[in-house]
Amino acid sequence: MSELETELQEESTKKKKEKRSVRKKKKEKGEEEEQQVEDEEGHSECVMLRGIFKLGKKSHDVLLTKTRLTWTPITPETPTGEPCVQQPGVVLLQDVFAVKVKRRRAAGKQSGGPVLGVALFCSKRKGKRLEEETLHLHNASSEHTHTWYNKLKELLTGFSRPRHVKVFINPSSHKKESVHIYREHVAPLFKMADVRTDITVTERKGHSLSVMKECKLDEYDGVVCVGGDGSVAEMCHAMVLRAQQDAGSPETPVKQVLPLGIIPAGSTDVVSCSVHGVRDAVTAALHIILGHTQQVDMCSFWSLGQLVRFGFSAMFGFGGRSLARAEKKRWMPSARRREYALAKTLARLRPEDCQLSFLPVKTSNKSLFEHRDQDRSPDSEGEESWTTNQGLYLSISVMSIPCLSPHIPQGLAPNSRLANGSASLIAVGNTSRSEFIKHLKRYNGSSGQFSFSFVETHDVSAVRIRPRSAIGSSEEASEEEGDSRTSPIIQSEGATFPWNIDGELEEIANEVLIRVHPRLITLYGEEVDEAESTASCSCI
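Residues numbered from 1 in each chain as written. Predicted model: local features only at pLDDT ≥ 70, side-chain atom pairs only at ≥ 80, totals over all residues. Heavy atoms only, no water.

**So, the overall build of the protein chain**
In terms of helices and strands, the protein chain carries 10 helices and 22 strands. Counting every position in the protein chain, which comprises 540 residues, the buried fraction comes to 47%. Put simply, of all contacts in the protein chain between residues at least 6 apart along the chain, 71% involve residues at least 24 apart. Just so you have it, the protein chain exposes about 27100 Å², and 48% of that area is on carbon and sulfur atoms. (Helix = DSSP H or I, 4+ residues; strand = E, 2+ residues; numbered from the N terminus. Buried < 20%, exposed > 50% of the residue type's maximum accessible area, 1.4 Å probe, protein only. Contact = heavy atoms within 4.5 Å. Areas by Shrake-Rupley, 256 points an atom, 1.4 Å probe, with all protein chains shown as cover.)

Now the structure itself:
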């Protein structure tokens, strides 16, 4: 054998050894990866199904467990013999709300046709929004497809989700778009998720309350309200009253276990923003379909021993008088009406002379008002330690939820939470108009709205407000020049004070007692820290 032949043979032997070595390493690596995957899956859960599907134009190895579905592209080896490693795709079954068999149907046909595979309809988070996304798994085998379809349906039924809901739609909310919003954005999702609905379109104020009193709630898994803050307030009030009725406890608030879903269709949608973070019908609908629930504190509002209503927030003084002026201009567009009312109320800014008593749940900021005194139990309210202030107030707010909105992303009560068993009391003492406007403007930012000497905040479990009534009327009083306003609003005998309770105007002549009731109602959604922001009004 020549020297050249010997070299060629040695080189060929060397290449064969290198190839065997590469194949051995690849096999060992593949076994390690496979073992690692099996170990990880075995540590959490076992694989229930494994099969080949096409996603797009590529074949994928698809694995199904009790909680997730993963898929990895099946790719050929690279020219060097090394495997092409790609990250697998993952979808959690808790985010899947529907599964359907895909078929190729001829035009005009409503059923039948050859099987194409399985489609999974999922919820995808994008910021604070939830969006619909479809995952297509293609496989022409009818037996293979139906095996996967049946197993997926079985797993999805294991989640606690509503199957039958009672829907109330207020056709007059905001721009009268609620029916359109429900039909275009919500109904198709409910149908896809196999959620049955029983719909009532309300015809007047109090209609939903009257229906709730007689409705057979045991037939439903949840209630859905399509409308603005007024519709939501009425529905929440109705649901708590119904819980009291069912429990035979007319005097004591009873927790409503049936969840309420809110489809926003108003101008501000404060409650919806507080549990969704965004005014978006699709997001709200997906929270309902997926069964995301959040227990929420509520307040009861009483006057002279009579229940006024249940709700989440109340404003006395500036907030109440602004709403009263806005209600007189219902013919205006909502944004313009809101700006007009704020500007008009600022122009006639006057303090309210009243006694403010509250029951703190923890040590609060030191009071910065004059005429402060301590009272152990106003009007014999047991052994509870109340704090009482007497003085002039421009605004008093009590809120058991953050009251987020697109105009105020951080909320009117940013320190409040949905279910912490307390409410935020925000009391704004008498000050100049310019200083009060500075306070209001800071709500558009992230902080600083309470860093004024005339503002105090407390976490409370109860509040009592006693306005001081005297002879005369402020509405006909002439305006004075300058920013300083020291003369209190003077009410005539028998006159009422306007209250803004959950965006609804309540005229109350006497004192109001507010008590917080922890986790009194369950809402579909989740707690958020901030709402999606939009351009705020420019009136101040």
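**Points about the packing of helix α3 (residues 178-192) against helix α7 (residues 281-290)**
Helices that pack against each other are described as a pair by the angle of their axes relative to one another and the distance between those axes. The geometry of α3 relative to α7 is characterised by a closest axis approach of 10 Å and an angle of 30° between their N-to-C directions. Considering their axes alone, α3 and α7 lie roughly parallel with respect to each other. Every pair of crossing elements has a handedness; the one defined by α3 and α7 is right-handed. Residue-level contacts link Ile181, His185, Val186, Leu189 and Phe190 of α3 to Ala281, Val282, Ala285, Leu286, Ile288 and Ile289 of α7. The residue makeup of the contact of α3 with α7, split by class, is 10 nonpolar, 1 polar and no charged. (Axes fitted to C-alpha atoms, helices over the stretch in contact; angles between N-to-C directions. Parallel < 35°, antiparallel > 145°, perpendicular 65-115°, else oblique. Left-handed = near helix turned anticlockwise from the far one by under 90°. Nonpolar A, V, L, I, M, F, W, Y, C, P; charged D, E, K, R; others polar.)

**A short note on unusual backbone geometry**
A negative phi angle is the norm for most residues apart from glycine, just as the trans form is the norm for most peptide bonds. Positioned with a positive phi, Asp194 is a non-glycine residue whose angle comes to about 60°. Judged by its relative accessible area of 39%, Asp194 is partly exposed. Even without a glycine there, the phi angle at Arg519 is positive, about 50°. Relative to the helices and strands, Arg519 resides in strand β22 (residues 512-524).

**Comments concerning the pairing of strand β10 (residues 222-227)**
Along β10, 6 of the 6 residues are buried, which leaves the element largely enclosed by surrounding structure. Covered by surrounding structure in β10 are Gly222, Val224 and Val226 together with Val223, Cys225 and Gly227, the residues of both alternating faces. By the bridge criterion, 5 bridges tie strand β8 (residues 164-169) to β10 in an arrangement that is parallel. Bridge assignment links Ile169 to a residue of β10, and that residue is Val226. Bridging between β10 and strand β11 (residues 256-264) involves 5 bridges; their strand directions are parallel. (Pairing = 2+ DSSP bridges.)

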